[in-house]
There are 2 protein chains.
Amino acid sequence: MTKIVIDAMGGDFAPRQQVLGSVEALKKDKDLYLILCGDKTQIEEVLAECKYDKSRLEIRHTTEVIGMEEVPTKAVKTKKDSSTVVAFRLLKENEADGLVTSGSTGAVLTAGVLVLGRLKGVARPALCPIIPNHRGTGTFLCDCGANLECKPTYLQHFAIMASAYAQTVYGLESPKVGLLNNGTEDHKGLPLQQEANELLKQTDVINYVGNVEGRDLMFGDIDVMVCDGFTGNIAMKSVEGCGKTISTIMKREYKKNLWRLICAIMSKGIIKSIKGSMDYEKIGGAMFLGLNKAVVKGHGNSKASAFAICIAQAAKAARGGLVDKIKVMIDDANAKLAAKAAEAEETAEA
Amino acid sequence: MTKIVIDAMGGDFAPRQQVLGSVEALKKDKDLYLILCGDKTQIEEVLAECKYDKSRLEIRHTTEVIGMEEVPTKAVKTKKDSSTVVAFRLLKENEADGLVTSGSTGAVLTAGVLVLGRLKGVARPALCPIIPNHRGTGTFLCDCGANLECKPTYLQHFAIMASAYAQTVYGLESPKVGLLNNGTEDHKGLPLQQEANELLKQTDVINYVGNVEGRDLMFGDIDVMVCDGFTGNIAMKSVEGCGKTISTIMKREYKKNLWRLICAIMSKGIIKSIKGSMDYEKIGGAMFLGLNKAVVKGHGNSKASAFAICIAQAAKAARGGLVDKIKVMIDDANAKLAAKAAEAEETAEA
């Protein structure tokens, strides 16, 4: 039985959508056990409407909630009985194999590091959402906001962790990794990108293909895109705005006259397919990589089905041994870097 | 008569599309005079196919071309008789009021600064393309690749120059300026964004609305988006890839079966309108702001009509006194900064 702990109070529509999503996930996966952290009364109210296997769901009552506007470090340190902190504590105490939350990103990042803890050897944990792409496979974008200021080794670790994730959870044999830059040539970018490009070339545990550009996030031939968290945030939100804009323009154009409305009705299936190909929610949440357990951060406005997908992601990561896989690959890369540094020192001494 | 000098040899389809575009521009604007720099024989070959007012077009024969792959500084310094360098020299020597080129961005940036020269008081010239947005007005994105590493004052100058451009060439009375950041709160971003945010707040020659996010590039309510050139490049190319991806998915979906093909044929007008709303080429080229004259950089793959729009942009900027407007606004901002620094010094001494 795979045990996943749920932060039932985090998110714009919590706890209702989180509870409904949990029930949906339980129905789809008979080998899943869920621990819901949150207000018992509120959770039970929603559960009363549902049919589900009661032997595979338990509630851990909590009395506090971390709001979206709170200062993360302060909130995590003071709200010890919040659903988010309690969920991470259960994970830390090995009561579960993974965690799903739609809570405040800042609080989740903070609780992940402070309560659960960073995986040994990993420079910095990072957020890795999957962005829809033209091939329908999705691009793993890492980091996407956890680390604004980065060093080349951080980017190397992001590349390794996202590769391990794509392999373990999505079965990609040898995911192609690109470094997000302002051009494909080797000399492109700021010192960070230039140095990271060289380091990634030497990292043989991943399939590095070189510098890539913003357009490759959705229209490229890569599986993993690596960047600092600031740049990742800009890229992700830029394509989000573009998608919204095209959708708005389509709606406007289809409503311009009666003939167009008829076309719209006829094309309903097509429009639905197009929207489906671009739907973030169907793809799942962002994996928080580099912690001691599998953690999935769902979108704040996740509805039940989207939340259920996040739970399935966490379960798959736990079963696939994502954390162990990351550990092996990071240790290998770190050992090679250390050996190289020692060699360089010897040469310098000689 | 407004005189615009044309780099007829720069671009993927040069000189043919550049010459055809020049002829198109001359037809639309009876007060326009063009000087085409490039290979006389090749230019005349294309002109022979066209009807145009011969009294308003002259050719300046050049013998060299700067290729897309050349190292910009080296190319500009050694290829003195290239169409790009000669065009900038004519501008410098006051033989024209503006310049249009689809040549290599690196060479154009270099020649702009080295041959034509930076406008006095401007910290760094910057590239300002216009990105289609949901309101149909376009967002002025500045900088978009000229300056990878920036200081807060650079960003302040980008904001001022892009505002002057939106006012002079597009008639926006008080363009709303946003700083591209990873969140809207004041504490967001790296030190560059945090300091630039404070500086922009104090810049009263512009209408600064605060931090904005990647999604606001196309889906926001701002007119000008300011950022360093690296971030601007990432944002612009990310939305480009998103647009291409949606277009690819639409094509695929509409071709899936006969019924869908019929829908596609019926919806032809709608699809054309949607594509039109997102068409970069119809919007024009990127203005290279902060030089001593109006310079427009067209897309490398510009066809005649797109190139003609770039010429119209340059003519409008020259007629509207864009460079003078920038000078007045930058001098004002610099004077205020200097006064403030002097005041702070006095307080410290007292």
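The structure under discussion appears in the preceding block.
What counts as what
- Residues numbered from 1 in each chain as written.
- Chains lettered and ligands numbered in written order.
- Predicted model: local features only at pLDDT ≥ 70, side-chain atom pairs only at ≥ 80, totals over all residues.
- Heavy atoms only, no water.
- Salt bridge = Lys/Arg side-chain N within 4 Å of Asp/Glu carboxyl O.
- Helix = DSSP H or I, 4+ residues; strand = E, 2+ residues; numbered from the N terminus.
- Buried < 20%, exposed > 50% of the residue type's maximum accessible area, 1.4 Å probe, protein only.
- Least-squares fit on C-alpha atoms with pLDDT ≥ 70 in both.
- Axes fitted to C-alpha atoms, helices over the stretch in contact; angles between N-to-C directions.
- Left-handed = near helix turned anticlockwise from the far one by under 90°.
- Contact = heavy atoms within 4.5 Å.
- Nonpolar A, V, L, I, M, F, W, Y, C, P; charged D, E, K, R; others polar.
- Polar contact = N/O pair within 3.5 Å; in protein donor to acceptor, adjacent residues only side chain to side chain.
- Pairing = 2+ DSSP bridges.
- Phe/Tyr/Trp six-rings, centres within 6.5 Å; stacked < 30°, edge-to-face > 60°.
- Lys NZ or Arg CZ within 6 Å of the ring centre and 35° of its normal.

Caption draft 1: Seen up close, the pattern of salt bridges. By the definition in use, this model includes 40 salt bridges over all chains. Linking K237 of chain B and E213 of chain A is a salt bridge whose minimum nitrogen-to-oxygen distance equals 2.3 Å. Of the two residues, K237 of chain B is situated in helix α9 (residues 229-254) and E213 of chain A in the loop between β9 (207-212) and α8 (216-219); the pairing between them involves two chains. The residues K237 of chain B and E213 of chain A share a single accessibility class, namely buried. Across the pair R56 of chain B and D53 of chain B runs a salt bridge, and its minimum N-O distance is 2.9 Å.

Caption draft 2: Highlighting the relation of the copies chain A and chain B. The two copies are related by a screw motion: chain A maps onto chain B through a turn of 180° and a shift of 0.0 Å along the axis, at an RMSD of 0.0 Å. Interpreted geometrically, this transformation is the action of a two-fold axis.

Caption draft 3: Representation of the packing of helix α4 (residues 83-92) of chain B against helix α5 (residues 105-116) of chain B within the structure. Residues and elements named next belong to chain B. Relative orientation of the contacting elements α4 and α5 amounts to 35°, with a least axis distance of 9 Å. The two elements α4 and α5 cross, and the hand of that crossing is right-handed. In contact with T84, V85, F88, R89, L91 and K92 of α4, α5 contributes V108, A111, G112, V115 and L116. Across the contact of α4 with α5, the residue classes break down as seven nonpolar, two polar and two charged.

Caption draft 4: Representation of the environment of D216 of chain A within the structure. Residue and element names in this part refer to chain A. By secondary structure assignment, the location of D216 is in helix α8. Since its relative accessible area comes to 18%, D216 is described here as buried. A sequence separation of 77 residues divides D216 from T139, and the C-alpha atoms of the two residues are 9.0 Å apart. Those residues in contact with D216 that lie beyond four places of it in its chain are I222 and M225. A polar contact is formed between the side chain of D216 and the backbone nitrogen of E213, at a distance of 2.8 Å.

Caption draft 5: Geometry of the sheet that holds strand β8 (residues 176-180) of chain A. Residues and elements named next belong to chain A. With respect to topology, five strands assemble into an open sheet ordered β6-β7-β10-β8-β9, the strand pairing being mixed. In this open sheet, the two strands that pair with only one neighbour each are β6 (130-131) and β9. Sheet topology places β6 next to strand β7 (residues 139-142); two bridges connect them, and they run antiparallel. Residue pairing across strands places I130 opposite F140, the latter belonging to β7.

Caption draft 6: View of the sheet that holds strand β1 (residues 2-7) of chain A. Residues and elements named next belong to chain A. With respect to topology, seven strands assemble into an open sheet ordered β3-β2-β1-β4-β12-β11-β5, the strand pairing being mixed. With partners counted over all chains shown, the strands left at the sheet margins are β3 (57-61) and β5 (126-128), one partner each. Each strand axis lies, on average, 25° off the axis of its neighbour in the sheet, ignoring direction. The sheet contact formed by strand β11 (residues 286-289) and strand β12 (residues 294-297) spans two bridges and is antiparallel. In the strand pairing of β12, M287 is matched with V296. Packing of helix α13 (residues 304-319) onto the sheet brings it into contact with β1, β2 (32-38), β4 (98-101), β11 and β12, and relative to β1 it is tilted by some 140°.

Caption draft 7: View of helix α7 (residues 191-201) of chain A. Of the positions making up α7 of chain A, those classed as buried are L192, Q193, A196, N197, L199 and L200 of chain A. Buried residues along α7 of chain A sit against α6 (152-170), β8, β9 and α14 (322-349) of chain A together with α9 of chain B.

Caption draft 8: Up close: the packing of aromatic side chains. What the rule picks out here adds up to six aromatic pairs over all chains. Ring centres 5.3 Å apart and planes at 85° place the aromatic pair F140 of chain B and Y165 of chain B in the edge-to-face group. A residue pair is termed long-range when its members are at least 10 positions apart, and F140 of chain B in strand β7 (residues 139-142) and Y165 of chain B in helix α6 (residues 152-170) qualify at 25 residues. Taking the relative accessible area as the measure of exposure, F140 of chain B reaches 2% and is therefore buried. Ring centres 5.6 Å apart and planes at 75° place the aromatic pair Y165 of chain B and Y170 of chain B in the edge-to-face group. Overall, Y165 of chain B belongs to the buried group, its relative accessible area being 0%. Feature note: the residues F140, Y165 and Y170 of chain A constitute an aromatic cluster, connected by ring pairs. Above the ring of Y33 of chain A, the side-chain terminus of K3 of chain A is found at 5.1 Å from the ring centroid. Over the ring of F13 of chain A we find K303 of chain A, and its NZ or CZ is 5.1 Å from the ring centre.

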